[in-house]
Amino acid sequence: MTETPIDRAARATPPSVARRVRGLSDRAIAWIFVAPTIFLLLAVNIFPLIWTIRLSFTNFRANRPNREVEWVGLRNYERILTDSDIWLTMQATAHFLIWTIVLQVLIGFTLAYLINKKFKGNDLWTTIIVLPMMLSPAVVGNFWTFLYQPQIGLFNYIVEFFTGIPASSFEMIGSVNLAPWSIVIVDTWMWTPFVMLICLAGLRSIPDYIYEAAEIDRASKWRQFWTITVPMVLPFLMLAVLFRGIENFKMFDLVVQLTGGGPGSVTELTSINLKREAFEKWRTGYASAYAIILFVTVFGLASIYVKALNKVKER
Amino acid sequence: MKLSTRLMAATALATTAASGAAAEELTLCWAAWDPANALVELSKQFEAESGHTMNFEFVPWPNFADRMLNELNSGGQLCDLLIGDSQWIGGGAESGHYVKLNDFFEAEGISMDDFAPATVYAYSTWPKGSENYYALPAMGDANGWFYRRDWFEDPDIMAAYKEETGQDLREPESQQEMLQIAQFFQGREIDGQTRYGAAIFTERGSEGITMGATGALYAWGFKYENEPGTYDMEGAVNSPEAVEALEFYKTFYQTATPPGYTDSYMEQGLDAFKSGQVAMAMNWFAFFPGLYADPDVGGDKIGFFVNPPQNQPASTLGGQGISVVAYSDKQEAALEYIKWFAQPEIQQQWWDLGGYSAHNAVLGSDTFVDSAPFAADFLVAMESVQDFWQEPAYAELLLAMQKRLHDYIVADQGTAQEALDKLIEDWTETFEDEGKL
């Protein structure tokens, strides 16, 4: 009889350990294997979360640990929710989130649909398109500041070439009206390929025979698109939206590099605002309450969305 | 700690410092800029004399405060000596980051009377007005201006200015005259290129726009409090003069700066001037030696002037004091460095190398005024410097001002009155949290 790996492991186990293990139930052994993971989870995720919740009810400042910490109840939450500046920050985040997702889904899906067609150089084009998402966000933010520079930046000259608007007559990152769009454009440029890849995976997962059956039934290309392609790619698309939504809700590096939250505070997203409160002003208690509010918001929205995603998958 | 124990500790430190402690590796932390290079050069002499080795940790200005305050707050031992910004003195003292130097100064015969009073007040003392010293004035500095002398003395440009304004083109003697000159240069063709008025501070992230705008605010008569130490800000921070000054700075930004100049501080200002974009620029005196030595725009092509007065002469204070970090385990050697640095002859060498000494022996010497084209201006500026809050919560106070000023000046939101009113609300909330109101 050939020896299995389990037999070999059993033979290699020291007799003292083997005796102890023999006395354990399957459930206990399962716990022993799972315990390190649970311990790590508690230490790295759950404990900090509980600690943050506790801090959110205090006036603690991490830069002055010797100062007496006062219990302030719900005052931090009340201040945040009634602070008009924070609501402006939320609006800036919502603008960024909604427009980046809309543009990335539309452009990403279109690119995936085109790339999915068989043509010469297909692989080369796919590689070229996905290049932006391989770059570091800090690098992207930095070089786009040069592209947006009103005197020497390429972006303004391209706009001038196509529209006739003088290149030096507008400032993408210096104008209150254009700055929110400047960050949307850069994020879309960088992350549309990601959405495209997910859509491409969805498109390639549709078996050819479904289209062949539709052809036999004389369904038009338009009809095939709406009744086969879109419904079957939809779960992939929704997954891409979820990923991009979560990523962009916590967007920080790219925007800091690009606009620093300015001009004024028009591109100050919640993550930038939170970082300023926590690590520049050192209002740790206040920032903890802020973080909890954001966590609850993201967690709530994501839960609703995942339920919707599961329903779509079940169809 | 009891007084006797403190005295004993100070005496022990002083004795060790005097006799020369065992050779140590000291790390001095500062911002990465021109004077830091001069200090490296100067410190070689200390290494030769003391046997200690000097290491340096220089952090670029935009990250300097974040990096160093995190280091102090975490009780880090990276720095034995820190040349920290003047506004940190309150936090450094109250949080116990800096070693109190009174006993050491007394034991070593280092007198604060030997240093310019404005620098001692701003860089060394906490609480303000007290005689508790936490730093030795290391680098005097103020925000000043420089300009293209070759353009100002060009007959064609002078004639054009005279024709346009009816006045002579000269170093401005008021804030309004400076704006007029800057507007004259804005968009003007000189040597076939479009030039602009001036490079001013508009940076949002750290301290830029506050340091720039206070140059106008102080000149108009802005005050932080009605009475020092009362935190009574209503009517002071948002006085009619302050509103006028803020409107002035916004007009300056909108009508006399290069396009896209929305987030600019020291480096961007220097770049704009060195590349010939602007006729004038504001920046710290610390950069003036380097600018004067610049082969393209320095020498005869550059001139310097103090921040012009409006209702009163005033300049925004820069500069730093050198402190011993309380978490260092090489405090004896660090104190030895301070003792060495405080000597008049070392201070003279410091100035000669490009640092700005605050020692009276240097500033008051017969040769000082003629030792550099900006030396006389430096003395004038230091007579009327004003600094931002130096409270332990200064970072919070500064960020609030950064936001309100940038929202109004660059993002064009609201009025100057609203910006200053909101600033009072922000600052009041901070002082309430601090238990000071």
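Residues numbered from 1 in each chain as written. Chains lettered and ligands numbered in written order. Predicted model: local features only at pLDDT ≥ 70, side-chain atom pairs only at ≥ 80, totals over all residues. Heavy atoms only, no water.

Visitor: Please set out the overall build of chain B residue by residue, giving values where relevant.
Guide: Looking only at helices and strands, one finds 19 helices and 12 strands in chain B. The C-alpha radius of gyration of chain B comes to 22 Å, within 12% of the 22 Å expected for a compact globule of 437 residues. For chain B, the spread of C-alpha atoms along the principal axes amounts to about 70 × 50 × 35 Å. Counting every position in chain B, which comprises 437 residues, the buried fraction comes to 59%. The contacts of chain B with a sequence gap of at least 6 include a subset with a gap of at least 24, amounting to 75%. When the accessible surface of chain B is summed, it comes to about 16,100 Å², and 47% of that surface belongs to carbon and sulfur atoms. (Helix = DSSP H or I, 4+ residues; strand = E, 2+ residues; numbered from the N terminus. Rg over C-alpha atoms; globule rule 2.2 N^0.38 Å. Buried < 20%, exposed > 50% of the residue type's maximum accessible area, 1.4 Å probe, protein only. Contact = heavy atoms within 4.5 Å. Areas by Shrake-Rupley, 256 points an atom, 1.4 Å probe, with all protein chains shown as cover.)

Visitor: So what about the interface of chain A and chain B? Which residues, and what values?
Guide: In this complex, chain A contributes 29 residues to the contact, which on the side of chain B involves 28 residues. Residues Glu434 of chain B and Arg61 of chain A are paired through a salt bridge, measuring 3.8 Å at the closest nitrogen-oxygen approach. Of all the elements in the fold, those that place two or more residues in the side of chain A that touches chain B are helix H4 (75–81) and helix H13 (270–279) of chain A. Here the side of chain A that touches chain B takes three residues from H13 of chain A, the largest share from any one element. The class makeup of the residues in the side of chain A that touches chain B is seven nonpolar, nine polar and 13 charged. (Salt bridge = Lys/Arg side-chain N within 4 Å of Asp/Glu carboxyl O. Nonpolar A, V, L, I, M, F, W, Y, C, P; charged D, E, K, R; others polar.)

Visitor: Go over the domain arrangement of chain A, please, and point to the residues and values.
Guide: Residue and element names in this part refer to chain A. For chain A, the assigned domains read domain 1 (5–55) and domain 2 (81–314). With centres defined by C-alpha atoms, the gap from domain 1 to domain 2 works out at 41 Å. In this complex, domain 1 contributes four residues to the contact, which on the side of domain 2 involves five residues. Together, the buried faces of domain 1 and domain 2 total about 360 Å²; carbon and sulfur atoms form 84% of this surface. In terms of surface lost to domain 2, no three residues of domain 1 exceed Leu49, Thr52 and Leu55, which account for 88% of the buried area on that side. Here domain 1 and domain 2 share zero residue pairs in polar contact (both at pLDDT 80 or more) between them. In the side of domain 1 that touches domain 2, the residues fall into three nonpolar, one polar and no charged. (Domains from an automatic or database assignment. Buried area = accessible area lost by both parts, 1.4 Å probe. Polar contact = N/O pair within 3.5 Å; in protein donor to acceptor, adjacent residues only side chain to side chain.)

Visitor: Tell me about the packing of aromatic side chains, and please be specific about residues and values.
Guide: Summed over all chains, the structure comprises 71 aromatic pairs over all chains. On the basis of an interplanar angle of 40° and a centroid distance of 5.4 Å, the ring pair of Phe57 of chain A and Tyr77 of chain A is categorised as tilted. Taken together, the residues Phe57 of chain A in the loop between helix H3 (26–55) and H4 and Tyr77 of chain A in helix H4 connect sequence positions 20 residues apart. Arranged with centres 6.2 Å apart and planes meeting at 50°, the rings of Trp30 of chain B and Trp350 of chain B form a pair that is tilted. Residue Trp30 of chain B is found in strand S1 (residues 25–31), and its partner Trp350 of chain B is found in helix H15 (residues 344–353); the two are separated by 320 residues along the sequence. Judged by its relative accessible area of 1%, Trp350 of chain B falls in the buried class. Within the aromatic cluster, the residues linked to one another by ring pairs are Trp30, Trp33, Phe46, Trp61, Phe64, Trp88, Phe287, Tyr337, Trp340, Phe341 and Trp350 of chain B. Seen from the ring of Tyr286 of chain A, Arg283 of chain A lies directly overhead, with NZ or CZ sitting 4.0 Å from the centre. Across from the ring centre of Tyr121 of chain B, 5.2 Å away, lies the NZ or CZ of Lys128 of chain B, which sits over that ring. (Phe/Tyr/Trp six-rings, centres within 6.5 Å; stacked < 30°, edge-to-face > 60°. Lys NZ or Arg CZ within 6 Å of the ring centre and 35° of its normal.)

Visitor: Lay out the packing of helix H11 (residues 240–256) of chain B against helix H18 (residues 394–409) of chain B with the relevant residues and their values.
Guide: Residues and elements named next belong to chain B. Following both chains from N to C, one finds H11 and H18 inclined at 55°, their axes separated by 10 Å at the closest point. By the angle class used here, H11 and H18 are oblique. In the packing of H11 onto H18, the handedness of the crossing is right-handed. Contacts from Leu246, Glu247, Tyr249, Lys250 and Tyr253 of H11 reach H18 at Leu405, Tyr408 and Ile409. Looking at side-chain class alone, the contact of H11 with H18 contains six nonpolar, no polar and two charged residues. (Axes fitted to C-alpha atoms, helices over the stretch in contact; angles between N-to-C directions. Parallel < 35°, antiparallel > 145°, perpendicular 65-115°, else oblique. Left-handed = near helix turned anticlockwise from the far one by under 90°.)

Visitor: Describe the environment of Phe64 of chain B, and please don't skip the residues or the numbers.
Guide: All names here are of chain B. With respect to the helices, strands and loops of the structure, Phe64 is situated in helix H3 (residues 61–73). C-alpha separation for the pair Phe64 and Ser206, spaced 142 residues apart in sequence, amounts to 9.3 Å. Not counting the four nearest positions on each side in its chain, Phe64 is found in contact with Trp30, Ala31, Val59, Ile83, Asp85 and Trp88.

Visitor: Before we move on, can you summarise the sheet that holds strand S8 (residues 278–284) of chain B with the specific residues and values?
Guide: Residue and element names in this part refer to chain B. Read from one edge to the other, the open sheet built from five strands follows the order S6-S7-S8-S5-S9, with strand pairing classed as mixed. The sheet terminates laterally at strand S6 (188–190) and strand S9 (302–306), the two strands that pair on one side only. Each strand of the sheet is rotated relative to its neighbour by a mean of 35°, with strand direction disregarded. Alignment of S6 against strand S7 (residues 193–199), held across three bridges, turns out to be antiparallel. Looking across to S7, one finds that Glu189 is bridged to Thr194. (Pairing = 2+ DSSP bridges.)

Visitor: Provide a residue-level description of the sheet that holds strand S11 (residues 320–324) of chain B, including the pertinent values.
Guide: Residue and element names in this part refer to chain B. The strand order across the open sheet formed by five strands is S2-S1-S3-S11-S4, and the pairing between neighbours is mixed. The outermost strands of the open sheet, each flanked by one partner alone, are strand S2 (53–59) and strand S4 (136–139). Averaged over all neighbouring strand pairs, the angle between strand axes comes to 30°, with direction disregarded. The pairing of S1 with strand S3 (residues 81–85) spans two bridges and is parallel. Along S3, the bridge assignment pairs Cys29 with Leu82. Its contacts with the sheet put H3 on S1, S2, S3 and S11, and the angle it makes with S2 is roughly 120°.

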